[in-house]
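Spelled out, the chains give:
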Amino acid sequence: MAVTLAGTAVLSVGLVRIGQRVWEGTPFPVADPAVTAQRLDRHTWQAYDALDLPQATLDTEWGGGREAEAYGCEYRGLSHLGDELSDSPPNVPGVVSVSTEWALKGVTEDAGQAALRRARGALRRQGWRVTTYTSLDHSISLSATPPHSDATVRLDTYPRGRLAVSASAGCVRCPKGTPVDATGDVTLPPQQLPVGLRG
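Rules of the game
- Residues numbered from 1 in each chain as written.
- Predicted model: local features only at pLDDT ≥ 70, side-chain atom pairs only at ≥ 80, totals over all residues.
- Heavy atoms only, no water.
- Helix = DSSP H or I, 4+ residues; strand = E, 2+ residues; numbered from the N terminus.
- Buried < 20%, exposed > 50% of the residue type's maximum accessible area, 1.4 Å probe, protein only.
- Contact = heavy atoms within 4.5 Å.
- Areas by Shrake-Rupley, 256 points an atom, 1.4 Å probe, with all protein chains shown as cover.
- Phe/Tyr/Trp six-rings, centres within 6.5 Å; stacked < 30°, edge-to-face > 60°.
- Lys NZ or Arg CZ within 6 Å of the ring centre and 35° of its normal.
- Pairing = 2+ DSSP bridges.
- Disulfide = S-S within 2.5 Å.
- Expected span 1.5 Å × (residues − 1).
- Polar contact = N/O pair within 3.5 Å; in protein donor to acceptor, adjacent residues only side chain to side chain.
- Salt bridge = Lys/Arg side-chain N within 4 Å of Asp/Glu carboxyl O.

Novice: Looking at this model, I keep getting lost on the overall build of the protein. Mind explaining?
Specialist: Looking only at helices and strands, the protein has 4 helices and 8 strands in total. When the helices and strands of the protein are listed from N to C terminus, the series reads α-α-β-β-α-β-α-β-β-β-β-β. Each of the 199 residues in the protein was classed as buried or not, and the buried ones make up 36%. Long-range pairs, those at least 24 residues apart, make up 68% of the contacts in the protein with a sequence separation of at least 6. Surface exposure of the protein reaches about 11,800 Å², of which carbon and sulfur atoms provide 55%.

Pasting the structure below:
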């Protein structure tokens, strides 16, 4: 009888927790955005090495850089269903998605195609999961996920000899004390480029 009651209590607690998670939504993991940005930079270094384009140089006109954006980090769970169905759902305060981006120049169409084929093979051999590899109108895109990571790294060729490298991570909740600027946006340390592209 006591065993049955104990089993029922454990089951009840489990069901309550599941119900709360469905109602409130899965909590965002807590992570330091600066640490996440550094990890993403390292992923782009691996992608750069896999491309094997030592003659290409950094495209300083591309823009890019690091960002910590709240956009897309919306409330979860049935209690926020009205927000989720809204045309402009609100973002969760203190939750951001971190990304980093830079580009190469001097990559011909043929060189870009060959580089992305090399990268696809090299990254797979390193345990990455290639999620997309598409070719459309003389442009190629490759998306891959590093092992034991939720990050996505994208390699995209563009006209005029450009090849963009970007990485992004899922939404994370910022720990207490995360640096912000005057407008309340999360600040990140400067982007770290691969050694071969540092001036």
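Read on for the rest.
Novice: It is not clear to me how the packing of aromatic side chains should be interpreted in this structure. Could you clarify?
Specialist: The geometry of an aromatic ring pair is captured by two quantities: the separation of the ring centres and the angle between the planes. One pass over the structure, following the stated rule, counts 2 aromatic pairs. Here the aromatic rings of Tyr48 and Trp102 are separated by 6.0 Å at their centres, their planes lie at 70°, and the arrangement is edge-to-face. Of the two residues, Tyr48 sits in helix H2 (residues 33–51) while Trp102 sits in strand S3 (residues 95–105), which places them 54 residues apart along the sequence. Where Trp62 meets Tyr158, the ring centres are 5.3 Å apart and the plane angle is 50°; that geometry is what we call tilted. A residue pair is termed long-range when its members are at least 10 positions apart, and Trp62 in the loop between strand S1 (57–58) and strand S2 (65–69) and Tyr158 in strand S6 (residues 152–158) qualify at 96 residues. In this arrangement the basic side chain of Arg120 is found over the ring face of Tyr133, its NZ or CZ atom lying 3.9 Å from the centre.

Novice: How do you make sense of the pairing of S3 when you look at a structure like this?
Specialist: A regular strand carries its side chains on alternate faces of the sheet. Among the 11 residues of S3, 8 are classified as buried, and the element is accordingly described as predominantly covered. Pairing of S2 with S3 involves 5 bridges; the strand directions are antiparallel. Residue pairing across strands places Gly65 opposite Glu101, the latter belonging to S3. Direction of pairing for S3 relative to strand S8 (residues 172–173): antiparallel, over a ladder of 2 bridges. By the bridge assignment for S8, Val95 is matched with Arg173. Note: S3 against strand S7 (residues 162–168), 6 bridges, orientation antiparallel.

Novice: I would appreciate a short explanation of the state of the cysteines in the present structure.
Specialist: Should the sulfur atoms of two cysteines be covalently bonded, the bond is a disulfide. One pass over the structure, following the stated rule, counts 1 disulfide. Between Cys174, a free cysteine, and Cys73, which holds the nearest cysteine sulfur, the sulfur-to-sulfur gap is 9.0 Å.

Novice: Help me understand H2 in this model?
Specialist: In an α-helix, one turn spans 3.6 residues; hence positions three or four apart end up facing the same way. With 19 residues, H2 ought to run about 27 Å at 1.5 Å a step, and its terminal C-alpha atoms sit 27 Å apart, in line with that. Turning to H2, its buried residues are Pro33, Ala34, Thr36, Ala37, Leu40, Asp41, His43, Thr44, Ala47, Tyr48, Ala50 and Leu51. Tucked inside the fold, the buried residues of H2 contact S2, S3, helix H4 (109–125), S6 and S7. Two to three positions downstream of the cap, the backbone nitrogen of Ala34 sits 2.9 Å from a side-chain oxygen, assigning the N-cap of H2 to Asp32.

Novice: In this structure, what is going on with the environment of Asp59? I would like to understand it.
Specialist: With respect to the helices and strands, Asp59 occurs in the loop between S1 and S2. For Asp59, a relative accessible area of 6% gives the class buried. The spacing of Asp59 and Lys105 is 46 residues in sequence and 5.1 Å in space, taken between C-alpha atoms.

Novice: For this particular structure, what's the right way to read the pattern of salt bridges?
Specialist: Working definition: two side chains of opposite charge can pair if their charged atoms are close together. Inspection of every chain in the model, using the stated rule, returns 4 salt bridges. Across the pair Arg162 and Glu61 runs a salt bridge whose closest N-O atoms are separated by 4.0 Å. Taken together, the residues Arg162 in strand S7 and Glu61 in the loop between S1 and S2 connect sequence positions 101 residues apart. Ionic pairing is found between Asp156 and Arg154, a salt bridge with its closest N-O pair at 2.6 Å. The exposure class assigned to Asp156 is buried, which follows from its relative accessible area of 5%. Several salt bridges share partner residues, and in doing so they unite Asp59, Glu61 and Arg162 into one network.

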